[in-house]
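Residue-level listing of the chains:
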Amino acid sequence: LWKAMKPSALRQLALAVFLLFGVIGPLSTLMESHIRVVPWRFVFVQTVASGGMAASIIYFARKGWWMVMLSVIVWSWVTVQNSGAISFNFDERGIHVELGGVGISSSGSPATAETTIGEEDLNAIYTQRSVLGALAIALIASGYFMFIRVISKELEQHARLETEVTIAREIQQSLLPLTTHETACAEVSGATVPATEVGGDFFDVMDLSGPELAVAIADVAGHGVGAGILAAMTKSALRSQLQNDRAPLQVLQNLNHTIFEVSTEKIFVTFAYLLASPSTGIVRYATAGHPPILLRTMNDSEVHQLRTVNVGLGMKERFTFTDSEFQLTPGTALLLYTDGILEAANRQGEQFGADRLPQAFLRARGSSRQVCEAILSEVNNFA
């Protein structure tokens, strides 16, 4: 909660901690064994210094350890200047608590153990100690109240955010095909491993009239609920576009226009799309800022990369997109993926990378589902 707090909430928390730890000032005075009136200036500085040190740690710890160390040094210097050291002395009479500096009489000689106190002085001591006790109670009560209020608000906000993230994850999962897609000429499977946050990755498989088969994969830049929402909008726009024109060139052109209109300058979508025609065996494809599609034929010992040089969708309002095509042969396997699989890192910080993935694709055999599982297994073992 503390790490995620906004500056305004962090200031309120620091104030609550200041009040809670500021109670050290009046309590340290009440702890002293000598019975006398302590200067109020001493009590005030002790209260501010002890509360200020604790509040500074809370407030500056996110900015860096050096800020914390500087704050501790400053407040420690204030405490020393105030002669606020506490000493614990042991003798035959037991333990005695003395406040450094305050235990020195006005004449400069140490306060003696035996002191004669008049009725007026005794009343002043009782009055001060009553005020110090009330001050300590007030600091603890107000600090505790403010602390509970700040934490309660943060918990409520955290719970609301968790609910929103859960909903966003459910929306994200709803964007993905649930089962393996099978047609007379092809089999398509997909898998996703969710990150800790909501992301903007999705893929889709669609049977079209003709008959033709369309496969798309996309990755919205960034993470969070916003990326998930834009992913949902992109899929909706794609489905709508395929009802009118399914050609890769036109799909990218129209999606780019739509995403540019609804997104900010810092958000874009990388996209890969292919359209297969079973009757002719021709596959038309286009990529927009996306990692290349990998192709492996039945008897091939190497993986080919299919890619068209286009910018990510939503980056430029007017851009001339390109597409390409190739001829399918029986046993051809195609792999579409997002950069999350490339960026999976091991404990040494080394990424799985674009060199290991083609080799994993070559080794993965069987059905489309088995290929996905085999590649993900290699990535998991590596990371």
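Not measured: the values here are computed from a predicted model.

About the criteria used
Residues numbered from 1 in each chain as written. Predicted model: local features only at pLDDT ≥ 70, side-chain atom pairs only at ≥ 80, totals over all residues. Heavy atoms only, no water. Buried < 20%, exposed > 50% of the residue type's maximum accessible area, 1.4 Å probe, protein only. Helix = DSSP H or I, 4+ residues; strand = E, 2+ residues; numbered from the N terminus. Arc of directions from axis to C-beta. Pairing = 2+ DSSP bridges. Axes fitted to C-alpha atoms, helices over the stretch in contact; angles between N-to-C directions. Contact = heavy atoms within 4.5 Å. Parallel < 35°, antiparallel > 145°, perpendicular 65-115°, else oblique. Phe/Tyr/Trp six-rings, centres within 6.5 Å; stacked < 30°, edge-to-face > 60°. pLDDT = per-residue confidence, 0-100. Salt bridge = Lys/Arg side-chain N within 4 Å of Asp/Glu carboxyl O. Core = buried A, V, L, I, M, F, W, Y, C linked by side-chain atoms within 4.5 Å. Polar contact = N/O pair within 3.5 Å; in protein donor to acceptor, adjacent residues only side chain to side chain.

S.K.: Can you tell me about helix 2 (residues 24–31), naming the residues and giving the values?
M.R.: Where helix 2 is concerned, the buried positions are Gly25, Pro26, Ser28 and Thr29. One side of helix 2 holds all its buried residues, which, seen down the axis, span an arc of 160 degrees.

S.K.: So what's going on with the sheet that holds strand 12 (residues 333–335)? Residues and values would help.
M.R.: An order of 10-9-12 is seen for the three strands of this open sheet, with the pairing classed as antiparallel. Because the sheet does not close on itself, it has two edges, and the strands there are strand 10 (304–306) and strand 12. The average angle at which neighbouring strand axes cross in this sheet is 30 degrees, direction not considered. The strands that helix 9 (residues 353–363) touches are strand 9 (293–296) and strand 12; relative to strand 9, the one it contacts most, it runs at about 35 degrees.

S.K.: An account of the packing of helix 2 against helix 3 (residues 40–60) is needed here, citing residue identities and associated values.
M.R.: Across the interface, helix 2 lies against helix 3 with an axial gap of 7 Å and an inter-helix angle of 130 degrees. By the angle between their directions, the pair helix 2 and helix 3 is classed as oblique. Within the contact between the two elements, helix 2 uses Ile24, Gly25, Pro26, Ser28 and Thr29 and helix 3 uses Phe42, Val43, Gln46, Thr47 and Ser50.

S.K.: Can you tell me about the packing of aromatic side chains, naming the residues and giving the values?
M.R.: Applying the stated criterion across every chain, the model contains five aromatic pairs. With a centroid separation of 5.2 Å and 85 degrees between ring planes, the pair formed by Tyr59 and Phe60 is classed as edge-to-face.

S.K.: I'd like a description of the environment of Asp339, backed by residues and values.
M.R.: With respect to the secondary-structure elements, Asp339 resides in helix 8 (residues 339–342). Note on Asp339: relative accessible area 28%, which makes it partly exposed. Along the primary structure Asp339 and Gly366 are separated by 27 residues, whereas in three dimensions their C-alpha atoms are 24 Å apart. Beyond its immediate chain neighbours, meaning those up to four positions away, Asp339 contacts Asp219 and Pro291.

S.K.: Can you explain the confidence of the model for the chain? Please cite residues and give values.
M.R.: Per-residue pLDDT for the chain averages 86, and the proportion of residues at 70 or more is 91%. Predicted confidence is poor over residues 103–112, with pLDDT under 50, and the contacts of this stretch with residues over four places away or in other chains come to eight contacts.

S.K.: Break down the environment of Ile137 for me, with residues and values.
M.R.: Counting through the fold element by element, Ile137 comes out in helix 5 (residues 119–174). Separated by 236 residues in sequence, Ile137 and Glu373 have C-alpha atoms that sit 63 Å apart.

S.K.: Explain the pairing of strand 6 (residues 212–223) to me, using residue names and the numbers behind them.
M.R.: Summarising burial for strand 6: nine of the twelve residues are buried, a large majority. Examined bridge by bridge, strand 5 (residues 199–208) and strand 6 share nine bridges and lie antiparallel to one another. Its bridge partner being in strand 6, Val205 is matched across the sheet by Val215. Sheet topology places strand 6 next to strand 7 (residues 269–277); eight bridges connect them, and they run antiparallel. Looking at strand 7, one finds that Ile217 is bridged to Ala272.

S.K.: Mind laying out the pattern of salt bridges, listing which residues take part and the relevant values?
M.R.: By the definition in use, this model includes seven salt bridges. We note a salt bridge from Asp204 to Lys235, for which the minimum N-O separation is 3.8 Å. Taken together, the residues Asp204 in strand 5 and Lys235 in helix 6 (residues 225–242) connect sequence positions 31 residues apart. Looking at Lys235, the relative accessible area reads 12%, which means it is buried.

S.K.: Break down the nonpolar core for me, citing the residues and quoting the values.
M.R.: What tends to happen in soluble globular proteins is that the nonpolar side chains get buried as a cluster. Counting 43 residues, the largest nonpolar core has Leu238, Leu242, Val251, Leu252, Phe271, Tyr273 and Leu313 as its most contacted members. For this core, the secondary structure elements donating two or more residues are strand 5, strand 6, helix 6, helix 7 (248–262), strand 7, strand 8 (282–288) and strand 9. Those residues in contact with Val251 that sit more than four places away from it in its chain are Leu238, Gln241, Leu242, Asp245, Arg246, Phe271 and Tyr273. Grouped together as the second largest cluster of nonpolar side chains are 18 residues, Ala333, Leu357, Val371 and Phe382 included.

S.K.: How would you summarise the side chain of Ser189 if you had to cite specific residues and measurements?
M.R.: Assignment of secondary structure puts Ser189 in the loop between strand 4 (187–188) and strand 5. A distance of 2.8 Å separates a polar atom in the side chain of Ser189 from a polar atom in the side chain of Thr180. There is a polar contact of 3.4 Å between the side chain of Ser189 and the backbone nitrogen of Arg369. In this structure, Ser189 is in contact with Thr180, Ser368, Arg369 and Cys372, ignoring residues within four places of it in sequence.

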